[in-house]
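# Tertiary structure, described
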Amino acid sequence: MFLFEKFKKMMLKTPTPDHQCPISSELEPEPKVELGPQQEPEVSGLKKKRKLGVIGVGSAGLLSLVHFCTWLEEDWEIYSIHNPAKEILGIGESTNGEFVGLLERGTHFCLGSQEDLKALDATIKFGSKFSGWREASWINPLLDGNTAVHFNNYFFKDFIYSRLEKLWPKQFRFIEGDVKELVNHSDRVTVTIDESEHEFDFVIDCMGFPSNYDDYVISDCTPVNRCLVHSIEDFEYEPFTDHIAHAHGWMFGVPLQSRKTYGYLYNDKITAKEEAVEDMKRILEVDEIEDKEYVFKCYYTPKLVEGRIFKNGNKALFFEPLVANSIALYTYAMRLIYDRMMGNTTEEETNTSFVDAVQPVENIISYYYQGGSTFESAFWDHATRHTKARLENQQAFKDMMATYKNLKDRGILNMGSIYGFKPLTWEIVDEQMGYGYIGK
Ligand SMILES: Cc1cc2nc3c(=O)[nH]c(=O)nc-3n(C[C@H](O)[C@H](O)[C@H](O)COP(=O)(O)OP(=O)(O)OC[C@H]3O[C@@H](n4cnc5c(N)ncnc54)[C@H](O)[C@@H]3O)c2cc1C
């Protein structure tokens, strides 16, 4: 899946409404967007730096900054732009090995350093623990020797800014202000920040949830649409993200150093909020839960790039948090963005590659639900029927499972290509869930 990373030297040889920001375009029909190193401008004998603007300092914006400070040379400036009055979507996040790998390269984050873990309120993650889905619990492992973390994204900006200032002083810049407008030209992007206009070669929009979904594909991959959130301070740490099935959906548990955050996912068309609140209190054995809830839909953009403007984070996609899929997709999107910026891919190829990566994740989500759980309830009845029917129409999913089965029968499953997960993960989950797609 992650074939797009190129070393830079090789490359150079060859829903919050106030997050709204209109994107207008001055591009003519069929614009010629000229990209790549050949455009390096000369000004009075001095090289003018090229500029990338990354808007937003939520997890997606900060990870994009790290990625591009790491991989772009010193003739680039990478600007972090955000409005401090507009909050990030703050939640304890569960990550994957790519997240740690990116932080290691770009910020010298060290998994073995207690100081670094403390700076992010982070704990070690070895996988996801599934309970209540089948009679026995199991761990979805992180493969290839990967280790990940759970981290507190309220702590993320200070950590990233201080490391980028130290490690990438020639690349890293920041601007505070409200982005009012983005205008796409054939050779640059104009960003209006408060009252002033700033020019960039490219912009990555990480301004969070879109203000409307007209240009997005709404996904039917999941039967849940709400998440109640509650944190507790007294808990027994295990190095896993909990995925606990309950009668009305499932609940994640993300252990940080300071607290463990639980997210109770359910469907408001099947379960009333009051019932969900009572059930969450019962499971967590608490008298009250926080008054914090996310109401969401799952969606993705078919246009990761338009002209010189890219999207990432919740501006590009949102899926429910089963198997912590978001950050893996953000890091993949960054690689696609890099290749497009360097002129190695067309706009159409970039957008197609993004959609091709997103659709297997939709299928992974449906796949977990389709076999039900240990609970018999209206929710699970709906969830299994809906996701089974959905997967029946996913030919790419069925073809990949048939390929895996064929490879497994020949004793060479690991030679299969990646479809959302690595083949070995599919084998482990298939066995634990008793589906028999791959095994007997
Ligand atoms: C309940 C729940 C659980 C989740 N769990 C996980 C998980 O375990 N693992 C995982 O990978 N993901 C998880 N996610 C996904 C999570 O939402 C994202 O990973 C993360 O929050 C991405 O946010 P973002 O960076 O896109 O935007 P945000 O965090 O919303 O940040 C938006 C940024 O844009 C800035 N901004 C907005 N408008 C303007 C403007 N006009 N001018 C200037 N700046 C502006 C804001 O200041 C802010 O900095 C979960 C999501 C939910 C809802």
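From a predicted model like this one, the values you see are computed outputs, not experimental measurements.

## Overview of the nonpolar core
Judged by nonpolar contacts, the single largest core of 111 residues is most densely connected at V54, L65, I78, V203, Y264, L329 and A333. At eleven residues, helix 7 (residues 326-341) tops the list of elements feeding residues into this core.

## Quick notes on the sheet that holds strand 19 (residues 249-255)
Strands sit in the order 9-8-18-19-20-17-21 across an open sheet of seven strands; the sheet is mixed. Of all strands in the sheet, those with a lone pairing partner are strand 9 (138-141) and strand 21 (293-295), marking the two edges. If you compare each strand with its neighbour and ignore which way they point, the axes differ by 20° on average. The pairing of strand 17 (residues 226-232) with strand 21 spans three bridges and is classified as antiparallel.

## Brief notes about the environment of G92
Position of G92 relative to the elements: it lies in strand 6 (residues 92-94). Judged by local crowding, G92 falls into the buried class, with 26 C-beta atoms found within 10 Å. A sequence separation of 163 residues divides G92 from P255, and the C-alpha atoms of the two residues are 7.8 Å apart. In this view, G92 contacts H150, N152, V254, L256 and T261; residues no more than four positions away in its chain are not counted.

## Here's the deal with helix 10 (residues 395-409)
When the terminal C-alpha atoms of helix 10 are compared, their 21 Å separation across 15 residues agrees well with the 21 Å that a helix rising 1.5 Å per residue should span. Every buried residue of helix 10 is accounted for by F397, M400, M401, Y404 and K408. One side of helix 10 carries all its buried residues, which in axial view fall inside an arc of 100°. Pointing more than 90 degrees away from the buried face of helix 10 are the exposed residues Q395, A396, D399, A402 and D409. Close packing links the buried residues of helix 10 with helix 8 (347-370), helix 9 (378-392) and helix 11 (423-433). Backbone geometry just downstream of helix 10 places G411 in the positive-phi region, at approximately 80°.

Here is what the cut-offs are and how they apply
- Residues numbered from 1 in each chain as written.
- Predicted model: local features only at pLDDT ≥ 70, side-chain atom pairs only at ≥ 80, totals over all residues.
- Core = buried A, V, L, I, M, F, W, Y, C linked by C-beta atoms within 7 Å.
- Buried ≥ 20, exposed ≤ 12 C-beta atoms within 10 Å, placed from the backbone.
- Helix = DSSP H or I, 4+ residues; strand = E, 2+ residues; numbered from the N terminus.
- Pairing = 2+ DSSP bridges.
- Axes fitted to C-alpha atoms, helices over the stretch in contact; angles between N-to-C directions.
- Contact = placed C-beta atoms within 7 Å.
- Expected span 1.5 Å × (residues − 1).
- Arc of directions from axis to C-beta.

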